[in-house]
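# Working through the structure, step by step
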Amino acid sequence: MSARTPLRIAVALAGSALAGSALSQPADRIEEVYVVATPIRDAQQAALDAKRMADNLVDVVSADTIGRFPDQNIADSLSRLPGVAVERDQGQARYLNLRGAPFRYTGIAFDGIDVPGAENGRIPRFDSFPATITSRIDANKAILPSMPGESVSGYINIQTFSPFDAEGLSLAGDIGMGEQDLGGGDVERTSFRASWSNETFGIVGFYSKNRREQVTDNREYDLAIAGGDLVVNELDYRSYFVNREDTGYGGRIEYRGEGTLRSLFLSSLYSEFLDEEERNQWVFSVADPQPGEQRSDVLMIADRLLEDGSYENSTYTNTLGADFVAGGWRLEARLNYTETEFDVRLPIPFSTGAPAFGSFDLADREDPLLDLAAPLPSLEYAVTLGLDVAQNLDIEATKLKLDAERDTALFGDSTVALGVQYDQRESGGYAISQGINFGFPVPDIGAFDTGVPWDSNTTNSIGGTYYDNQGLRAAWEAAGGLGPVDPADDLLVAIDEDILAAYLMATTRFTWGNVVYGVRVEQTDYTSSGPAGGEPLEVEDDFINVLPSAHLNVDLADDLKFRLSASSGVNRPTYNEWRAAAAVDPTEREVSGGNPFLDAEEAIGVDVSLEWYYATASILSLGAFHREIDNVIYQAVTTVDGGAYLPTAAGEEWTFSGATNGDNGKLSGVEANFMFSGQDFLPGALGGLGFSANVTVVDSEFETLDGRQLDLPGTSELIYNASVFYENYGLSARLNYQYRDEWISPIEDPSEYWGEMERVDATIAYELPLELAGARASVYANLNNITDETDVRFAGNGTINQSESFGRYYLVGLRINY
C-alpha cells in the first residue's frame, strides 16, 4: 500500500461526460457545473441546467451543494434527490435504493469508468467514498446505450476534480471537529485540494478524511405472539463503540492540445472505509417462555460476547486516457486498472450457559427493562468459546474502452456515436465464515472488566459495563489461540469474468428537441470454480444480452420539457451467489452454498417526465417509471438435479438452499420534485429564502418458484425529502428532512423488515467579509440527527426484533479557498 501512495496522491480519475459519457452529445454542448464559493441558489441552478441539457433523465448534485450539505459520504449527498433512499448501518448511510430498487440494480462509476462493488462484485458501498472528493454526481435514471448495461434502476457517475476546473493556482482546504452526543466521541473532517493549470498543462491532487467515534445503543429481541399476548423468548443487550474512517486521495495530470491530440492524462483514486468495532453484549434466553410482557423471577440462561473486530473495504482505480480529433471524428481511449478489497475479521470470546434469575418489563418495546437478581459480573458461565467470524473478497479488474462520435447529416442534424468496451475481472475470497476455538486460552475474562457503565440512550437496566476488548483480544493472540482464518471449502469464491460490450447510438436534433436511440450488446463469459462435496467443481458459461433504448426529449416551451424513455438492462449475480463451492450431503440429498447456474436478471422499462423550469434555481417536475424484471434473484429452498453438484447423483432430486431465480418482477412508481428560490418572487432580504420537496411512491413485486408474491428487497412504498434554506449577506443555512417507510433489507433475513426511518439535519455557514491575497474563508456548523431518532426493525410476525440509537452529532469547521 505504501508503494502506491505517491501515485495515488499525484493523480486523479479522468472526467468523462454529461450523463456518463462525453460522447453522448457534441462537445460544444457539454455544461460545466462545478461551482466555487457560490451561493446555494447558484449551485442549485447549475445542477438544474445540467439536468435540463441532458439527453436522458438524470438528477445532478453539484460540488457546492455537496459541500454545503452536512454530508460525510456520497450516499448522504445523493439521498436528497428524488426517488433515492438510503440504508444505514449504525446511523451512517451505506447503500442506495434508487427508486426503491434493490442495491444491486444501481451501477457506479468514477468519471465514466464503471468499477466493481467491493463487497461482492456488484453492490456499491457508498460509505467508502467521501463527498468532498467529488466535483459533481450524476444519478442517471434512464440509461443510454453508451452506459453499462448493469444499471437496471440507475447509473451513478461520480466526477472527481479536474486541474482545468480553475485557471492557474487553486487551493481549497476544510478542517472541522465536533462531538457525538452519545458517548462524547470525536468527529473530525479534513480535506485539501491543490491544482495548477495553464492553457496546455494541469495537475491536481486531493485528500479527504472523515473520522467519527460513536457509541451505538442496541437492543435485540426474540418475541412471539400467543393468543394475542406477547411471549418473550430472548432479550439481547448490546453497546457498540465504533471508530469509523473514510479516506480518499488521488489526483490527475493532464496535457491538452489543439491538434489531433486534444487530451492526454493519467489519473488515480484510492478510497477506503475502515470500521473498528468493539461490542459488549449479553443475551438472556428465557428458560420457560410464557405469555406476558411483564414477568417476575424468571429463570434465564445468559451468554456474554466481547468482540474487537474490523470491517474494511477499499477501491483503488487508475486510468490512462487520450482524446483525439481525426477525420471529423471525436475519439476517446481509456485504459483502466482497478483493485477492490473487502475484509471482515470479528474475533469474539463467547461465554455461555450462565443461569440467571430476573424480572422483565416490555411495556416500552424500545426500552426493555430487565432487573437481575444478582449483579452481572457475578454470573458464572459454563464454558467460553473463541468465535472467529471473517469474510474476504479481492477483485482485480482491467478495462479497455474506446468511443467515437461525429456529426452527420445522414439522419438530418445528427450525431452518431459508437464504442467498444472490454472488462476482465478476477476475484477470490470466501463468504462469511465462523471458526470455533473450543479451548479459549484466556482463563480470567473478568479481569478485563473496566467497571465503567455503558453510555446509553435507553435504560441500562442490566448494569452493563465496558470490557477492555482490545486487551482481551491481545491476550488471546499472545496465547496463540487466534491464528489465520481457515474458511470451510463450501465458502470459497473463485470467479473469472470477461464482459465484451459494443454500442451504436445516434442523437437526431429537431427544432422541438431531440431523439436519442441505439443499442448496446454485452457478451458475458464466466468461470466459477470451487469444491463441492470434496470434489472440484468448475462451471463455465456465456450469454449475450441485447439492450436497446430510445429517448425522446421535447421542448414544449422555453421552460417546459417532456421526456419519454424506453431502456433495458441486465444484472449479473453477485460473486457470493455465483460461487461454485457448496456443501453436499449425499445421504440426505441436500446441497447448500453457491449457485453457479444462476441466470442474470434482465429488465426492460419505461420512464416519462414533465419538467417545468419556471424561475431561477427552481423546478416543478412530475414523472413515472415502470420496470419488468425476469430471473429475479432471491434466497430460497428449491429442488435441483443432484448431478449438477455430484456427477454420480445425476437424475436424483436434491434439496438446494441458496440463491435461485424467481420471475415476473415488477417495479413501478411516480415521483414529483419541487424546488423554489425566492430570488424572482420575494423582495429584498426575503429573496434569499428557498425550499424544496420531493416525493416518490413505489410498488414492487416478484413471483417465487412456489408461486408466492413478494416485494423486491429494499423497496419502500413512500420516500420523501424536504428542505428550507436561507442565503443572504454571506450567510447560508439549510434545514433538511428525510423519510422512507418500511422495507425489507436484501442483506438480512428476508422475513424481517425495517420500520419507517426519518432524519433531520441542518447546516449553517458564514463567509467572512475579508479577503487576503485572493483567499476567502468561511466558517460552518453541521448538525446531524437533530431529533435523535431510533431505528427499529421487525420480525416476520410483526414483533420488534431490534432497536438501535446513536444520538445526535455536530461538526464545526473552517473552509478556505484560493
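## Focus on unusual backbone geometry
Residues other than glycine seldom take positive phi values, yet Arg589 does so here, at roughly 55°. Tracing the sequence through the fold places Arg589 in the loop between β24 (582–585) and β25 (590–593). By relative accessible area, Arg589 is classed as partly exposed at 39%.

## Let's talk about the pattern of salt bridges
Inspection of every chain in the model, using the stated rule, returns 55 salt bridges. Across the pair Asp114 and Arg425 runs a salt bridge, and its minimum N-O distance is 3.9 Å. With Asp114 in strand β5 (residues 113–114) and Arg425 in strand β17 (residues 413–437), this pair connects stretches of sequence that are 311 residues apart. Looking at Asp114, the relative accessible area reads 13%, which means it is buried. Via salt bridges that share partners, Lys51, Asp59, Arg99, Lys141, Arg563, Asp607, Glu611, Arg627 and Glu671 belong to a single interconnected network.

## Side note on the sheet that holds β5
Pairing is mixed in the open sheet, where 5 strands are placed in the order β1-β6-β7-β4-β5. Of all strands in the sheet, those bounded by a partner on one side alone are β1 (58–62) and β5. Examined bridge by bridge, strand β4 (residues 106–110) and strand β7 (residues 154–160) share 5 bridges and lie parallel to one another. Looking at β7, one finds that Phe110 is bridged to Ile158. Contacting β1 and β6 (134–140), helix α2 (residues 40–53) crosses the sheet at an angle of about 150° to β1.

## Concerning the pairing of strand β27 (residues 618–630)
The pairing of strand β26 (residues 601–615) with β27 spans 12 bridges and is classified as antiparallel. Bridge assignment links Ala603 to a residue of β27, and that residue is Ile629. Two successive antiparallel strands, β26 and β27, enclose a turn made up of 2 residues, where Ala617 displays a positive phi of approximately 55°. Examined bridge by bridge, β27 and strand β30 (residues 663–677) share 11 bridges and lie antiparallel to one another. If you follow Ser621 over to β30, its bridge partner there is Asn673.

Cut-offs applied
- Residues numbered from 1 in each chain as written.
- Predicted model: local features only at pLDDT ≥ 70, side-chain atom pairs only at ≥ 80, totals over all residues.
- Heavy atoms only, no water.
- Helix = DSSP H or I, 4+ residues; strand = E, 2+ residues; numbered from the N terminus.
- Buried < 20%, exposed > 50% of the residue type's maximum accessible area, 1.4 Å probe, protein only.
- Salt bridge = Lys/Arg side-chain N within 4 Å of Asp/Glu carboxyl O.
- Pairing = 2+ DSSP bridges.
- Contact = heavy atoms within 4.5 Å.
- Axes fitted to C-alpha atoms, helices over the stretch in contact; angles between N-to-C directions.

These results come straight from atomic positions and should not be treated as a statement about function.
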